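# Secondary and tertiary structure notes
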Amino acid sequence: MTKTESTDSTVLSARLRAGTRDAHQTAESTGFVTRLMDGSLPLAAYANLVAQHHTIYRALEQAGEQQRHDTRGATVIFDELTRTPSIEADLAHLIGDDWRSRIEVLPATRVYAARLSEAGASLPRYAAHAYTRYLGDLSGGQVIKRMVQRHYGLGDQGVAFYTFTDIPKTKPFKDEYRERLDGLDLSAAELDEAVAEAQVAFELNTALFGELGRLYESLVSH
Ligand code: HEM
């Protein structure tokens, strides 16, 4: 068994995976995600998710900038993960060049972004949020990309968020990312804090899906 597959309770990546398994199942099964995957939502619903990602990733990546200057945190900052410019390109394609004046930040997104801003000052909490989003985007995100492209007739434009141009193969990168997480010098209390924060991170995503789901409930095509 390799280090990344270990279930050793001190290994962060294994603890994050085990600690968020149920929360992942819940997030993945929300009505909004299910309907996005089966193509029954209008394209505007997908565009709105991208719009919410803009606020979320700006906050996540600003938190990452804080961690870049931390001797421990710097090891889990990867420039090739930066998503904000891709999200902006997707919004210009999906909404138009005036997207900034046309998008609305939802309450659940504000709550999520506030939590991310606080996490910038804490390595275990930043690591939890970065893990939840980036490893998710490199995993299920790749499935979402293909489904969205198929249902909405998109090519490369509009899904740049899911395209990591500087990460040609996701598997070795995810392995490296988990190794970096496992190499962090965290105390037992910090490890616990990271797992608890990752559970919060999943809940924040589920809450956002709930809000988006309610917005588009009446527009689902059957
Ligand atoms: C349609 C929705 C989704 C599908 C189909 C999906 C699918 C998957 C799959 C197949 C994996 C395993 C990949 C691997 O072992 O390399 C995975 C991992 C992961 N997903 Fe999702 N996912 C979805 C939604 C989400 C959401 C909404 C989040 C969080 C916001 C998320 C976060 C993660 C994370 C953090 C991992 C890494 C788990 C680990 O190995 O530690 N996923 N997902």
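Our structure's up above, just so we're on the same page.
Let me begin by describing the structure that accompanies this report. (Residues numbered from 1 in each chain as written. Predicted model: local features only at pLDDT ≥ 70, side-chain atom pairs only at ≥ 80, totals over all residues. Heavy atoms only, no water.)

## Topic: the coordination of the iron atom of the ligand
Ideal geometry at a metal centre: 109.5 degrees between donors when four sit tetrahedrally, and 90 or 180 degrees when six sit octahedrally. For clarity, the threshold we go by: Coordination shells were defined by N, O and S atoms within 2.8 Å of each metal, extended to 3.2 Å for Na, K and Ca; water is absent from the atom set, which can make sites look incomplete. Strands here are runs of E lasting at least two residues and helices are runs of H or I lasting at least four, both read from the DSSP assignment and numbered beginning at the N terminus.
Its sole protein donor being His24 (NE2), the iron atom of the ligand sits 2.1 Å from that atom. Along the chain, the position of His24 falls in helix 2 (residues 21-28).

## So, the pattern of salt bridges
Think of it this way: side chains of opposite charge can pair up when their charged atoms draw near. In plain terms, the rule: Salt-bridge detection follows one rule: a side-chain nitrogen of Lys or Arg within 4 Å of a carboxyl oxygen of Asp or Glu. Working definition: with a 1.4 Å probe on protein chains only, accessible area under 20% of the residue-type maximum means buried, over 50% means exposed, and in between means partly exposed.
A complete count under the given rule lists 13 salt bridges for this structure. Of the charged contacts in the structure, one is a salt bridge between Glu65 and Arg68, with a shortest N-O distance of 3.0 Å. On the criterion of helical spacing, the pair formed by Glu65 and Arg68 is a turn pair, its members being 3 residues apart in helix 4 (residues 43-68). By relative accessible area, Arg68 is classed as partly exposed at 30%. Asp98 is the partner of Arg102 in a salt bridge, and the nearest nitrogen-oxygen pair spans 3.5 Å. On the accessibility criterion, Arg102 (53% relative accessible area) is exposed. Each of Glu65, Arg68 and Asp79 takes part in a single network of salt bridges with overlapping partners.

## Topic: the packing of helix 1 (residues 12-19) against helix 10 (residues 170-183)
For clarity, the cut-off: All axes here are fitted lines through C-alpha atoms, helices being fitted over the stretch that makes contact, and every angle between N-to-C directions spans 0 to 180 degrees. When an angle is under 35 degrees it counts as roughly parallel; over 145 it counts as roughly antiparallel; between 65 and 115 it counts as roughly perpendicular; any other value is oblique. Only heavy atoms matter for contacts: two residues are in contact if any of them lie within 4.5 Å across the pair. Charged residues are taken to be Asp, Glu, Lys and Arg, nonpolar residues to be Ala, Val, Leu, Ile, Met, Phe, Trp, Tyr, Cys and Pro, and polar residues to be all remaining types, Gly included.
Relative to each other, helix 1 and helix 10 sit at 110 degrees, their axes nearing to 7 Å. Looking at the two axes, helix 1 sits roughly perpendicular to helix 10. Together, Leu12, Ser13, Leu16 and Arg17 of helix 1 and Arg178, Leu181 and Asp182 of helix 10 make up the contact between the two elements. Partitioned by chemical class, the residues of the contact of helix 1 with helix 10 number 3 nonpolar, 1 polar and 3 charged.

## Details of the nonpolar core
Heads up, the condition is: By nonpolar core is meant a set of buried Ala, Val, Leu, Ile, Met, Phe, Trp, Tyr and Cys residues that side-chain atoms within 4.5 Å join together.
Ranked by internal contacts, the top residues of the largest apolar core, which has 65 residues, are Phe32, Tyr46, Leu81, Tyr177 and Leu181. The leading source of residues in this core is helix 4, at 11 residues.

## Here we look at the site of the ligand
What counts is decided by this rule: Working definition: residue near molecule or strand if any one of its non-hydrogen atoms lies within 4 Å of it. Polar contacts, as used here, are pairs of N or O atoms within 3.5 Å; protein pairs need one atom able to donate a hydrogen and one able to accept it. Residues neighboring in sequence count only if both atoms are side-chain atoms.
Lining the immediate environment of the ligand, one finds 17 residues, of which Arg17, His24, Tyr131, Lys174 and Arg178 sit closest. In the model, an oxygen atom of the ligand is placed 2.5 Å from a nitrogen or oxygen of the Tyr131 side chain. The side chain of Arg178 places a nitrogen or oxygen atom 2.7 Å from an oxygen atom of the ligand. Breaking the shell around the ligand down by element, the ones donating at least two residues are helix 2, helix 3 (31-38), helix 8 (123-138), helix 9 (140-152), helix 10 and helix 11 (188-216). Partitioning the shell around the ligand into residue classes produces 6 nonpolar, 6 polar and 5 charged.

## What to know about the packing of helix 1 against helix 11
Applied cut-off: Helix crossings fall into two classes, left-handed where the near helix is turned counterclockwise from the far one by less than a right angle and right-handed where it is turned clockwise.
Where helix 1 meets helix 11, the closest approach of the two axes is 9 Å, and the angle between their N-to-C directions is 35 degrees. As for the relative orientation of helix 1 and helix 11, their crossing is right-handed in sense. From helix 1, Leu12, Arg15, Leu16 and Gly19 reach across to helix 11, where they touch Leu191, Asp192, Ala194, Val195, Ala198 and Gln199. In terms of residue class, the contact of helix 1 with helix 11 is made up of 6 nonpolar, 2 polar and 2 charged.

## Describing the environment of Gly31
By the element assignment, Gly31 lies in helix 3. Accessibility expressed as a relative area gives 32% for Gly31, which makes it partly exposed. A C-alpha to C-alpha distance of 9.1 Å links Gly31 and Glu217, two positions 186 residues apart in sequence.

## Focus: the packing of aromatic side chains
Under the convention used in this document: Centres within 6.5 Å make a pair out of two Phe, Tyr or Trp rings, where for Trp the six-membered ring is used; the pair is then stacked when the planes are under 30 degrees apart, edge-to-face when over 60, and tilted otherwise.
Per the counting criterion, the structure on display carries 8 aromatic pairs. Aromatic side chains Tyr57 and Phe161 sit 5.1 Å apart centroid to centroid with 80 degrees between the ring planes, which places their arrangement in the edge-to-face category. Of the two residues, Tyr57 is situated in helix 4 and Phe161 in the loop between helix 9 and helix 10; the sequence distance between them amounts to 104 residues. By relative accessible area, which is 0% here, Tyr57 ends up buried. A centroid spacing of 4.7 Å and a plane angle of 80 degrees characterise the contact between Phe161 and Tyr162, whose relative ring orientation is edge-to-face. The rings of Tyr57, Tyr134, Phe161 and Tyr162 are connected pair by pair, giving a single aromatic cluster.

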